[in-house]
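Architecture at a glance
Chain by chain, the residues:
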Amino acid sequence: MPRMRHPPTHRLAALAAALLIAAFAPNAAHAARAPAGARVRVIIGPTPIPGGEARAAHDITVVNDALAFAIAVDSPVPYGVPRGALVDVAAVRDGVIGHDHVVFADFIPNAWSAWPNTVHRVTVLEHDPRRVVVRAVRDWGAVLITTTYTLTAGSDTIAITTTMQNRGTAPLRGLLSGMTLWQKGGFRFGLPGVASCDHGPATGALADRVVAYGPHWSIALHAPYLDHVANGCRDLFRRHDLAPGATQRFDAWLQVGVRDDLAPVVRESIEREHLPNGRIHGRVSFADGTPVPRPVIVAERRGTTYAWAVGHDGRYDFQLPVGRYAIHATGHDASDSASVRVALAPGEDRRLDLRGLEPAGQVRFTITNAVTGAPLDARITIAHGALPVVETQGGHTFFTALGRRGRASFAIAPGRYVFDVESGGGFLGPGQRVPVDVVPGRETRVAVRLTRWFDPPRDGWFAADLHHHADQAEAVTPPRDLARSQLAAGLDLLFVSDHDSTVNLPILARIAAARGIPFLPSIEFSPSWGHINAYPLRLDAQPSVDPTTATIEQIFHEAHRMGATVVEINHPYIPYGYFTSLAHGTAPGGFDPHFDVIEINAAASADDPQVLHALWAFWNAGDRYYLAGGTDTHDVWNEVSGRVRTFVHLDGKPTAARFADALRAGHAYVSYGPLIEPRTMFGDDLKAAAGAPFDLAFRLESVAGLARVSLIENGKVHRVRRFSGAPKRADVDFRESVRRAGWFALIVEDAAGRRAYTDPIWIDVADPRSALPDPAATVAPPR
């Protein structure tokens, strides 16, 4: 979609816009300050919100004494969404605008499918000190989408109304439309009462809001229309049809706070919905009677967390809708108080003091190789024990330090725990379950010795997670923590692929150099119709392509301009995957064959069979695209780096360039657990005489034990070998003969159900009349 420009003949319109900019532009010396007093201000130009993405000349920022938000008029919107969307939100405290905590908080017409767009218009409809209204008009195919954003003086809430009008002649059925809240950093409290926030109906919801939060901020999305959720409750949708000429309306509110307190969020719902309510309040103290400085009071309803309130100096005040609750108090790394059952009546004002909290203890882990005594990078998670409900109050996943390998030290609430300690991600050896008693105010030391069974680098196999985010866009993992997580997973190269950003490449290169391992620098180009990784990049490479308007050819060209030798099609069959968009005719430029590998994505593992069949069809056509594997991790504390990984065979010392070259040559396999050593290298050509026997031999290994191996010939299961007793190692040999050129590959499954998929071994038959089983020319992948 082209950027908005003034038509050359409309000089009066251009002059009016210039005057508007001059009237609303902030004084540069005070750009990060909110307006004095309870009034609303409009700023045209680069947003004064620190860390904001609305940086272009015609972008719009609206500020009052509680919050600031910005709409991208000219700036590109993340994920290839058309311009005219809300991309920055910040709290205002004491007249100072805080940091931006939103990547994207706006309307989506049909989940995260491609968004073909030709029009966007953004207009300030009302502007006075008491109220500002901004309207954005965009199209989605034949549907006109109109969104208004309203902010009043003194309010902590942006009122957002969106209408969808079908101006076409065809009915649209089964749409998932609604507001989204994709935050920068921090944590997320999903829809209370919903069994799963991944994808599905919002059955059992106790409220209509999701909250993103950090220690000094919160952003709540209230969406009373919702009946479906997706993407960890970031997306609050309504499923509906849209007949020709019909209109659907969606009302929502974004509420902004200055700390991780949900009491104002609950109060807003009470006022908006006119809910009967009551109040609890009181003191919170440790077991010795001293007040808890910053108590957190958690209200559970129907067995699940409903909300929490943050107190001050040992006191709290919490307004709640009438109903039955279980109330307890906690604090930072402190134990919980006893839970108290409360049946709150309309208008009730109840004092409820909560006592008996214990302060934090300290745990220090030392993790070593049981055979050599060498320190090991490791991941430590709570398997059993107190898990913090409010994630600003304590952690549940920990990693060993970068500087002191094999050492981890952290504060935690006192109590009895069982920790899972793993090094190598379940690929190289077993982890351990370790019981620990944490004592208030004391340090507990724990020594763990782990056994490594397998050593792939010894045989020239090196692993990387080829789809991993750090802390850009919605990802929340700082670069040092990304490195700690990938090292704990036993990966041999560090890798990052942030959305449309290379800002983290230099720091990760320095971390990798300090640890003496290679770094594979990447980027994930993220248009709305498909995501694409490119690597290895130059460390100083900066993207210049606009993902909202670029074609597939332009993105491939940009990848190579930035130094990439490998172009990877990520999660090709998710709703906004490239192959899905090809099937729907919404990928600009159509099918372009100039990519190298196709991803097996751990976050979309249900698509693995479809990805494999697409690759097999390419191989049958003689097209040598190969496999890549990545987790798509955004949050290393709640997702596991290297859960699927790409093993590449190298001759000699691993480097980023050698890894990329071997991957492009097909000398690789992708695994969720099993390890594979072929006698004939994947990606190589094995010469055979027509009808003459030849051997395909492999050594297989798995920490969980082997279950079966399937030999795939030209896209069909040719043979299956099953293993009794789940052996950790096995040698398999297939004696084969063929009459025509083709290929063989493996699928290996272990006793835990984890699989590995290999690139093909090409069979080159000496008979010149032989050919691949399907000699068709290169075509777009199967639908």
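None of these values were measured; they are calculated from a predicted model.

The next point concerns the overall build of the protein chain. When helices and strands are tallied, the protein chain shows eight helices and 54 strands. Whereas a compact globule of 783 residues would reach a radius of gyration of roughly 28 Å, the protein chain reaches 28 Å, a difference of no more than 12%. Here the protein chain holds 783 residues, and 57% of them are scored as buried. Once local pairs closer than 6 in sequence are excluded, the contacts in the protein chain between residues at least 24 apart make up 66%. Approximately 30,600 Å² of the protein chain is accessible, and the part contributed by carbon and sulfur atoms is 52%. Looking at the protein chain, you have 78 positive and 80 negative side-chain charges, and the mean spots of the two groups are 2 Å apart.

Next up on the list: the packing of aromatic side chains. The way to describe two aromatic rings as a pair is by their centre distance and the angle between their planes. Per the stated rule, a full pass over the model turns up 37 aromatic pairs. Residues W453 and F454 carry aromatic rings whose centres are separated by 6.3 Å and whose planes lie at 80 degrees to one another, so their mutual orientation is edge-to-face. The exposure class of F454 is buried, given its relative accessible area of 5%. Seen in terms of ring centroids, Y573 and F579 are 5.5 Å apart; in terms of plane orientation they differ by 70 degrees. Their pairing is edge-to-face. Relative accessible area serves as the criterion here: at 11%, Y573 is assigned to the buried category. Taken together, the aromatic side chains of W529, Y573, Y578, F579, F591, F595, F618 and Y625 make up a single cluster linked through ring pairs. If you follow R238 out to its NZ or CZ, it ends over the ring of F250, 4.1 Å from the centre. Just above the ring of Y306 sits the side chain of R301; from NZ or CZ to the centre is 5.5 Å.

The next thing to look at is the state of the cysteines. Disulfide: a covalent bond formed between the sulfur atoms of two cysteine residues. The final tally for this structure, using the stated rule, is one disulfide. In this model C197 forms its disulfide with C233; the gap between the sulfur atoms is 1.9 Å. Sign of the S-S torsion, about -80 degrees for the bond between C197 and C233, identifies this disulfide as left-handed. Residue C197 is located in the loop between β14 (187–189) and β15 (199–201), and its partner C233 is located in the loop between β18 (228–230) and β19 (235–242); the two are separated by 36 residues in the primary sequence. By relative accessible area, which is 0% here, C233 ends up buried.

A few words on the sheet that holds strand β51 (residues 729–736). The strand order across the open sheet built from three strands is β46-β48-β51, with neighbouring strands paired in antiparallel fashion. The open sheet is flanked by β46 (675–678) and β51, the only strands paired with a single partner. Geometrically, the sheet is characterised by an average inter-axis angle of 25 degrees between neighbouring strands, direction not taken into account.

With antiparallel pairing, four strands are arranged side by side in an open sheet as β31-β30-β33-β34. Looking at strand neighbours, the two that pair on one side only are β31 (397–399) and β34 (432–438), the edges of this open sheet. Along the sheet, successive strands turn relative to each other by an average axial angle of 35 degrees, direction set aside. In this sheet, β31 lies alongside strand β30 (residues 379–384) in antiparallel orientation, the contact comprising three bridges. Paired with I380 across the strands is F398, a residue of β31. Docked against the sheet, helix α3 (residues 479–488) engages β30, β31 and β33 (415–422), running at close to 85 degrees with respect to β31.

Three- or four-residue spacings in an α-helix give side chains the same orientation, since the helix completes a turn every 3.6 residues. Looking at helix α5 (residues 552–561), one finds that the buried residues are I552, I555, F556, E558 and A559. The buried residues of α5 occupy an angular sector of 160 degrees when the element is viewed end-on, so they sit on one face. Opposite the buried face of α5, by more than 90 degrees, sit the exposed residues E553 and H557. Summarising the contacts, the buried residues of α5 are in contact with β39 (523–525), β40 (532–535), β41 (566–569) and α6 (578–584). Of the residues flanking the end of α5, it is G563, one or two places downstream, whose phi is positive at about 110 degrees.

Let us now look at unusual backbone geometry. The step from Y535 to P536 runs through a cis peptide bond, and the omega angle for that step is -10 degrees. Note that P536 resides in the loop between β40 and α5. Non-glycine residue R302 carries a positive phi angle of around 55 degrees. Tracing the backbone through its elements, the reader meets R302 in the loop between β22 (296–301) and β23 (304–310). Of the residues examined, R302 reaches a relative accessible area of 72% and is grouped as exposed. Not every positive phi belongs to a glycine, and D632 is a case in point at roughly 65 degrees. With respect to the helices and strands, the residue D632 is situated in the loop between β43 (626–630) and β44 (645–649). A residue is classified by how much of its surface remains accessible, and D632, at 12% relative accessible area, is buried.

Scoring rules and cut-offs
- Starting afresh in each chain, residues are numbered from 1 along the sequence in its written order.
- Per-residue local features are limited, in this predicted model, to residues with pLDDT of at least 70; the limit for side-chain atom pairs, both in listing and counting, is 80 or more; totals at the level of whole chains, interfaces and linings are taken over all residues.
- Computation of side-chain values: all heavy atoms of the structure, hydrogens and water removed.
- Elements are defined by DSSP. Helices are runs of H or I of four residues or more, strands are runs of E of two residues or more, and each kind is numbered from the N terminus.
- The globule rule used for comparison is 2.2 Å times the number of residues to the exponent 0.38, while the radius of gyration itself is calculated over C-alpha atoms.
- Accessible area is worked out with a 1.4 Å probe on protein chains only. A residue is then buried under 20% of its type maximum, exposed over 50%, and partly exposed in between.
- Working rule for contacts: check all heavy atoms of both residues, and any pair within 4.5 Å makes them a contact.
- Note on areas: these come from Shrake-Rupley sampling with a 1.4 Å probe, and a residue is covered only by the protein chains present in the view.
- When charges are tallied, Lys and Arg are placed among the positive residues and Asp and Glu among the negative ones, while His and the ends of the chain are skipped.
- Charge positions come from single atoms, namely NZ of Lys, CZ of Arg, CG of Asp or CD of Glu.
- Under the pairing criterion, centres of Phe, Tyr and Trp rings, with the six-membered ring standing for Trp, must be within 6.5 Å; the plane angle then separates stacked pairs below 30 degrees from edge-to-face pairs above 60, leaving the rest tilted.
- A positively charged side chain is recorded as over a ring if its NZ (Lys) or CZ (Arg) lies within 6 Å of the ring centre. The angle to the ring normal must also be within 35 degrees.
- Any cysteine sulfur atom paired with another within 2.5 Å is treated as part of a disulfide.
- DSSP calls a pair of strands paired once it identifies at least 2 bridges connecting them.
- Orientation is described by axes fitted as lines to C-alpha atoms, over the contacting stretch for helices, and by angles from 0 to 180 degrees between their N-to-C directions.
- This arc describes the spread of directions from the helix axis toward the C-beta atoms.

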